[in-house]
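# A structural walkthrough
Here is what each chain is made of, one letter per residue.
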Amino acid sequence: MVKLGRTIKLRLYPDTNQAEQFLTMSQEYQRLANVVSQWIFDHEFQLSWLKINHHLYKIFRQESPLNSQMVQSVFRTVVARYKTVQEQMKQHPYCYKNEEHKWIQVPRDLNWLVKPIQFRRPQADLVRHSNYSFVEGMQQISITTLGKRTKLGFTDKGFEKYFTEDWKLGTAKLVHTQGKWFLHIGITKESSDFNPKDSPQIVGIDRGLRFLATIFDSEGKALFFEGKKILLRRKKFLEIRRQLQSKGTKSAKKKLKRLAQRENRWMTDVNHWLAKTLVTRYGSHTLFVLEDLTNVTFNTDDLPKSLRNSHRSWSFFQLESFLTYKAQAIQSTVVKVNPAFTSQRCPKCGLVEKTNRHHETHEYWCAQCQYRCNDDRLGAMNIEMLGQEWLSGVKKPKIKKLTTVG
């Protein structure tokens, strides 16, 4: 069995008084979270929940209007944030410890190593039943505020099925954005796991720029997802961003923030659509095979200069994440394979030769066996073959990963 996870987002409709209560509570939660973060930083990143609770619980209960359950929630929230960024830190190429075991050479995006993590937005994590619950036949929701609970209406548009199926509701996050209140609820469900002995179909997926994804399955069928429109729209976002950055005004900075949010929502929609299309087309008991793109960059020589920036910002890893959890929900799975030579290896005779790929014509032509095909299709074919090897348990000699695909 595998545990599936989702997050559902409910729109809340508080009146003026309830909105003030939510804001006051979330600001107090934010304040305590920053106090805990400072304590963790001052005590050499001590992440023991018991020790944090021992030193801070009584102080918080005496000076804060948050109830006992929410104080404990603050501890869990801060510890979870530190553990998340520490996992990210382990994979960062510019972070390491010196002889005194102090982290040095810290890049800007990991500056929490030299100062505590800051919780910059009001927030509150709510425990099911203790801090929130559904009442009156799921028509209203009851939420804890400072000293009391309050009932209000909500909408679950797009998430109705998660209340009728066998999903378990967990901790929720109260979120205030653009003048609206939302409740993001984490939900889980037990599901049958992928079984490699069920003779699954294999689908090789080659991610790129000219084609967002090129698919080759175990039946020998290929599928192309055009990426030109994606690149052109990213170019427009880039042009607008440069214009606003050149102005440098306060108004321009606000517009830049809204632009980034709109671009991220669009990217997320595209990746959700692509992942959903794949799992719908191939269904259950499918092995989706992707290249492991960690520390890999794409060759952009065959792209116009105006579009070469796109490979730095497109969220290939978001697509991987969406496909993984969508596949798990239908008893399928995603595996990652070594990307070395997938664009250079002939799928017929096995010859690896870089010059066999012709970027200018987007064609692969094997000099040994004369096999010819589209170069993007070739990559997907080789990835599908690596999926076959993974499924059969065949172990190939390790090949050093290349730093450039293509």
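Residues numbered from 1 in each chain as written. Predicted model: local features only at pLDDT ≥ 70, side-chain atom pairs only at ≥ 80, totals over all residues. Heavy atoms only, no water.

Quick look at the packing of aromatic side chains now. Per the counting criterion, the structure on display carries 14 aromatic pairs. Relative to F45, the ring of F41 lies with its centre 5.9 Å away and its plane at 90°, an arrangement referred to as edge-to-face. For F45, a relative accessible area of 22% gives the class partly exposed. Each ring, one from F45 and one from Y82, has its centre 6.1 Å from the other, and the planes form 55°; the classification is tilted. One end of the pair, F45, is in the loop between α1 (16-42) and α2 (49-63); the other, Y82, is in helix α3 (residues 68-90), with 37 residues separating them in the sequence. (Phe/Tyr/Trp six-rings, centres within 6.5 Å; stacked < 30°, edge-to-face > 60°. Buried < 20%, exposed > 50% of the residue type's maximum accessible area, 1.4 Å probe, protein only. Helix = DSSP H or I, 4+ residues; strand = E, 2+ residues; numbered from the N terminus.)

As a further point, take helix α7 (residues 316-328). Here α7 contains 13 residues, and its C-alpha end-to-end distance of 19 Å stays within 8% of the 18 Å for a straight helix at 1.5 Å per residue. For α7, every residue scored as buried is listed here: F316, L319, E320, F322, L323, K326 and A327. (Expected span 1.5 Å × (residues − 1).)

Spanning 18 residues, helix α8 (residues 375-392) covers 26 Å between terminal C-alpha atoms, matching the ideal 26 Å at 1.5 Å per step. Those residues of α8 lying buried are D375, D376, L378, G379, A380, M381, N382, I383, E384, L386 and G387. The N-capping residue of α8, defined by a side-chain oxygen 2.8 Å from the backbone nitrogen of D376, is N374. Looking one or two residues beyond α8, the residue adopting positive phi is G393, at roughly 80°. (Polar contact = N/O pair within 3.5 Å; in protein donor to acceptor, adjacent residues only side chain to side chain.)

This next bit is on the nonpolar core. Formed by 45 residues in total, the largest nonpolar core has its most connected members in L12, Y132, L183 and I185. Look past the residues within four positions of I185 in its chain and what remains in contact with it is R6, T7, I8, L10, Y132, F134, L169, G170, T171 and A172. Counting residues in each nonpolar core, the second largest holds 27 residues, with I205, L256, W266 and F288 among its members. (Core = buried A, V, L, I, M, F, W, Y, C linked by side-chain atoms within 4.5 Å. Contact = heavy atoms within 4.5 Å.)

Further remarks concern the sheet that holds strand β15 (residues 333-337). Pairing is mixed in the open sheet, where five strands are placed in the order β12-β11-β10-β13-β15. The open sheet is flanked by β12 (222-226) and β15, the only strands paired with a single partner. Strand-to-strand twist in this sheet, taken as the mean axis angle between neighbours without regard to direction, amounts to 20°. Pairing of strand β13 (residues 286-291) with β15, which is carried by five bridges, proceeds in the parallel orientation. Looking at β15, one finds that F288 is bridged to V334. Against the sheet, helix α6 (residues 250-282) touches β10 (201-207), β11 (211-217), β12 and β13, its axis set at about 10° to β11. (Pairing = 2+ DSSP bridges. Axes fitted to C-alpha atoms, helices over the stretch in contact; angles between N-to-C directions.)

Turning next to the sheet that holds strand β18 (residues 372-374). Strand pairing in a sheet relies on backbone hydrogen bonds, with the paired strands running either antiparallel or parallel. Judged by pairing direction, the sheet is antiparallel, and its three strands sit side by side in the order β16-β17-β18 without closing on themselves. Only two strands of the sheet have a single partner each, and these edge strands are β16 (357-358) and β18. Against the sheet, α8 makes contact with β16, β17 (363-365) and β18, and its axis sits at roughly 95° relative to β18, the strand it touches most.

With that settled, the discussion passes to the state of the cysteines. A complete count under the given rule lists zero disulfides for this structure. Free of any disulfide, C366 has its nearest neighbouring cysteine sulfur in C349, separated by 3.5 Å. Accessibility expressed as a relative area gives 0% for C366, which makes it buried. The structure places no disulfide on C373, whose sulfur is separated from the nearest cysteine sulfur, that of C346, by 8.1 Å. (Disulfide = S-S within 2.5 Å.)

Rolled over the atoms, a probe sized like a water molecule indicates the empty space that remains. Counted as a void, the largest pocket has a volume near 1,300 Å³. If one sorts the elements of the lining of the largest pocket by residue count, α6 sits on top with eight residues. Counted by class, the lining of the largest pocket contains 16 nonpolar, 11 polar and 13 charged residues. (1 Å grid on protein atoms, 1.4 Å probe; cavity = no way out; pocket = protein on both sides within 12 Å on 5 of 7 lines; lining within 4 Å. Points joined across faces, edges and corners; volume = space filled by probe spheres on them. Nonpolar A, V, L, I, M, F, W, Y, C, P; charged D, E, K, R; others polar.)

Relative to each other, α6 and α7 sit at 40°, their axes nearing to 9 Å. By the angle between their axes, α6 is oblique relative to α7. Judged by the twist between their axes, the crossing of α6 over α7 is right-handed. Only Q318, L319, F322, L323, Y325, K326 and A327 of α7 make contact with α6, whose side of the interface consists of M267, T268, N271, H272, L274, A275, K276, L278 and V279. (Parallel < 35°, antiparallel > 145°, perpendicular 65-115°, else oblique. Left-handed = near helix turned anticlockwise from the far one by under 90°.)

Our next topic: the environment of H43. Here H43 lies in the loop between α1 and α2. Within the structure, H43 has its side chain in polar contact with the backbone oxygen of W39 (distance 2.8 Å).

Let's shift gears to the pairing of strand β1 (residues 2-13). Across the two faces of β1 the burial differs, with V2, L4, R6, I8, L10 and L12 buried and K3, G5, T7, K9, R11 and Y13 not buried at all. Of the strand pairs in this sheet, β1 and strand β9 (residues 180-191) are connected by 11 bridges, and their pairing is antiparallel. Bridge pairing in β9 places V2 opposite S191. Two strands pair when backbone bridges link them, and β1 and strand β7 (residues 149-155) are joined in this way by three bridges, in the antiparallel orientation. Bridging from a neighbouring strand, L12 pairs with F154 of β7.

Following both chains from N to C, one finds α1 and α2 inclined at 145°, their axes separated by 11 Å at the closest point. Between α1 and α2 lies a crossing of right-handed hand. When α1 is examined against α2, the residues R31, L32, V35, V36, W39 and I40 are found in contact with a partner set consisting of K51, I52, H55, L56, F60 and E63. For the contact of α1 with α2, the residue count by class is eight nonpolar, one polar and three charged.

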